[in-house]
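Breakdown of the fold
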Amino acid sequence: MKIAMVDLKKQYATIKDEIDSAVNEVISSTQFILGKQVGEFEGACASYLNSKYAFACASGTDALQICLMALDIKPGDEVITTPFTFVATAETIALLGAKPVYVDIDEKTYNIDVTKIEAAITEKTKAIIPVHLFGQAADLDPIISIAKKHNLYVIEDAAQAFGTEYKGKRVGALADAAATSFFPSKNLGCYGDSGMVFTQNENLATKIKMIAAHGSKERYVHEILGLNSRMDTLQAAILNVKIKYIDKWNKARANNAKLYSEKLCNANVVLPYVADFSNHIYHQFSIRVQDRKGLQEFLASKDIPSAVHYPIPLHQQPAFKHLSEGLVLPVAEKVAKEIMSLPMYPELSAEEIDYIASSIIEFVGKK
Ligand SMILES: Cc1ncc(COP(=O)(O)O)c(C=O)c1O
């Protein structure tokens, strides 16, 4: 049995007619930039998340950078975030000349440990970026109350959490601003790169929109410095089709996670933990094992792929480590050594999960 880590071909086969016709419509219209599908998709996202504003852009990375620029994050500022995330979360902070200040993670959820945030705040701190890692919400309420107390902004990095709910409300619309990604392998993925910025604040909305369009409201008048960050009409047309299926797909992922957890409940692995304040949409199904390399090689010999999200916490990444010299974050460092992700997508079959789980048990044994 040959299994894919993510099988986008299987998904395309289920919606081929709708996608092909949406793509053909854009090509026939030749409105490749800022076609009507972009505004339609912004509207669909705003209503799905119950967000006042939603602005499409070129990637999740740009979405983060646009949020930070709209909040005037400058050289010398500090932004608190998690070390256990995709590089873009902190890369964008550093690109603006600010300093990412890492707070260790919670060993169960792998999200930022809210009990350690306050100790990291200094007079230079301007914002906090919690990441809803792997599809589970960070504990937003305490983060938002700490931010209010210290007059800081909160930007949600919701790149892995389209449809995740925190205390019954969809993440992405719960803080000052939020960024998400539609990278092809995301729960809601397009056929290239694109992203979205969300905000509930009118002044920020005006700035976000301008920054994504070269700092301009009126053609050829540039009031502030901005970026060229647009979502292609083709991607918006594809996403307009795909967003209709997101709840069904997220449920299928959760069902697959349940099957994995049932089969692996006695295995010598640490399974994903779901906090009571969040649901989990399993962008990744990640387990922890002692002999990760051994298990990955054993699975590969049986045609089962796996991946490591993430092998190096950001405070140890060569590109940034000079910004966090001497910093030790024991939980993130431990988790980074043990974590590995298993194949996860809505179309993964029960038979495939059974095969993967039995192969894992064959290698790690039972508790
Ligand atoms: C947590 C997180 N933040 C930001 C990004 C950046 O998104 P993109 O790849 O669309 O630039 C990603 C995507 O991989 C991500 O997982």
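Rules used throughout
- Residues numbered from 1 in each chain as written.
- Predicted model: local features only at pLDDT ≥ 70, side-chain atom pairs only at ≥ 80, totals over all residues.
- Helix = DSSP H or I, 4+ residues; strand = E, 2+ residues; numbered from the N terminus.
- Rg over C-alpha atoms; globule rule 2.2 N^0.38 Å.
- Buried ≥ 20, exposed ≤ 12 C-beta atoms within 10 Å, placed from the backbone.
- Contact = placed C-beta atoms within 7 Å.
- Near = placed C-beta within 6 Å.
- Nonpolar A, V, L, I, M, F, W, Y, C, P; charged D, E, K, R; others polar.
- Domains from an automatic or database assignment.
- Pairing = 2+ DSSP bridges.
- Axes fitted to C-alpha atoms, helices over the stretch in contact; angles between N-to-C directions.
- Parallel < 35°, antiparallel > 145°, perpendicular 65-115°, else oblique.
- Left-handed = near helix turned anticlockwise from the far one by under 90°.
- Expected span 1.5 Å × (residues − 1).
- Bend = angle between axes of the 7 residues up to and from the residue.

Attention now moves to the overall build of the chain. The secondary structure content of the chain amounts to 11 helices and 13 strands. Relative to the 2.2 N^0.38 estimate, which gives 21 Å for 367 residues, the radius of gyration of the chain is 21 Å and therefore close to what a compact globule would have. Looking at the chain as a whole, 46% of its 367 residues qualify as buried. Pairs at least 24 apart in sequence give 70% of the contacts found in the chain among residues at least 6 apart.

Attention shifts here to the site of the ligand. Among the 15 residues in the neighbourhood of the ligand, the closest are listed as Ser 59, Gly 60, Thr 61, Ala 159 and Ser 181. Elements represented by at least two residues in the shell around the ligand include exactly α3 (60-70) and α4 (88-95). Class assignment for the residues of the shell around the ligand results in 5 nonpolar, 8 polar and 2 charged.

Our focus in this paragraph is unusual backbone geometry. Residue His 309 is joined to Tyr 310 through a cis peptide bond whose omega torsion reads 10°. Inspection of the secondary structure assignment puts Tyr 310 in the loop between α9 (292-301) and α10 (330-338). In this structure, Asp 303 is a non-glycine residue whose phi angle is positive, near 65°. Its place among the elements puts Asp 303 in the loop between α9 and α10.

Attention now moves to the domain arrangement of the chain. If you check the domain split of the chain, you get domain 1 (8-104 + 111-244) and domain 2 (245-364). Between the C-alpha centres of domain 1 and domain 2 the distance comes to 24 Å. Counting residues at the interface gives 33 residues for domain 1, matched by 33 residues for domain 2. Those elements giving two or more residues to the side of domain 1 that touches domain 2 turn out to be α1 (8-29), α4, β3 (99-102) and β6 (165-166). Looking at the side of domain 1 that touches domain 2, its residues break down into 16 nonpolar, 8 polar and 9 charged.

Burial analysis of helix α7 (residues 233-242) places 8 of its 10 residues in the buried class, which makes it a mostly covered element. The set of residues buried in α7 consists of Thr 233, Leu 234, Gln 235, Ala 236, Ala 237, Ile 238, Leu 239 and Lys 242. Buried positions along α7 lie against α1, α2 (36-49), β1 (53-57) and α8 (246-264).

Moving on to the pairing of strand β8 (residues 177-181). Most of β8 sits inside the fold, with 5 of its 5 residues counted as buried. Looking at chain direction, strand β5 (residues 153-157) and β8 are connected through 3 bridges and run parallel. Paired with Ile 155 across the bridge in β8 is Ala 177.

What follows concerns the packing of α1 against α7. Across the interface, α1 lies against α7 with an axial gap of 9 Å and an inter-helix angle of 150°. It follows from the interaxial angle that α1 and α7 lie roughly antiparallel. Relative to α7, the crossing made by α1 is right-handed. Residues Ile 15, Glu 18, Ile 19, Ala 22, Val 23, Glu 25 and Val 26 of α1 form the contact with α7, whose participating residues are Thr 233, Leu 234, Ala 237, Ile 238, Asn 240 and Val 241. Looking at side-chain class alone, the contact of α1 with α7 contains 9 nonpolar, 2 polar and 2 charged residues.

Within the secondary structure layout, Asp 176 lies in the loop between β7 (169-170) and β8. What makes Asp 176 buried here is the crowd of 21 C-beta atoms within 10 Å. C-alpha separation for the pair Asp 176 and Ile 80, spaced 96 residues apart in sequence, amounts to 15 Å. Leave out the neighbours within four places in its chain, and Asp 176 touches Tyr 153, Val 154, Ile 155, Thr 199, Asn 201 and Leu 204.

The next thing to look at is the sheet that holds strand β2 (residues 78-81). Spatial ordering of the open sheet is given by β1-β9-β8-β5-β4-β2-β3, a layout of 7 strands whose pairing is mixed. Of all strands in the sheet, those with a lone pairing partner are β1 and β3, marking the two edges. Neighbour-to-neighbour, the strand axes of the sheet open up by a mean angle of 25°, direction not taken into account. Pairing geometry for β2 and β3, over 4 bridges, is parallel. Bridged to Thr 81 within β3 is Tyr 102. Sitting on the sheet, α3 is in contact with β1, β5, β8 and β9 (195-199), with an inclination near 165° to β8. Its contacts with the sheet put helix α5 (residues 140-150) on β4 (125-129) and β5, and the angle it makes with β5 is roughly 150°.

Counting through the fold element by element, Val 6 comes out in the segment before α1. Judged by C-beta crowding, with 19 C-beta atoms within 10 Å, Val 6 ranks as partly exposed. Along the primary structure Val 6 and Phe 32 are separated by 26 residues, whereas in three dimensions their C-alpha atoms are 28 Å apart. When residues no more than four places from it in sequence are discounted, the contact partners of Val 6 are Ser 185 and Tyr 345.

What follows concerns α1. Given a rise of 1.5 Å per residue, 22 residues ought to cover 32 Å, yet the end C-alpha atoms of α1 are separated by just 27 Å, more than 12% below that figure. At Ile 15, α1 shows its largest bend, some 80°.

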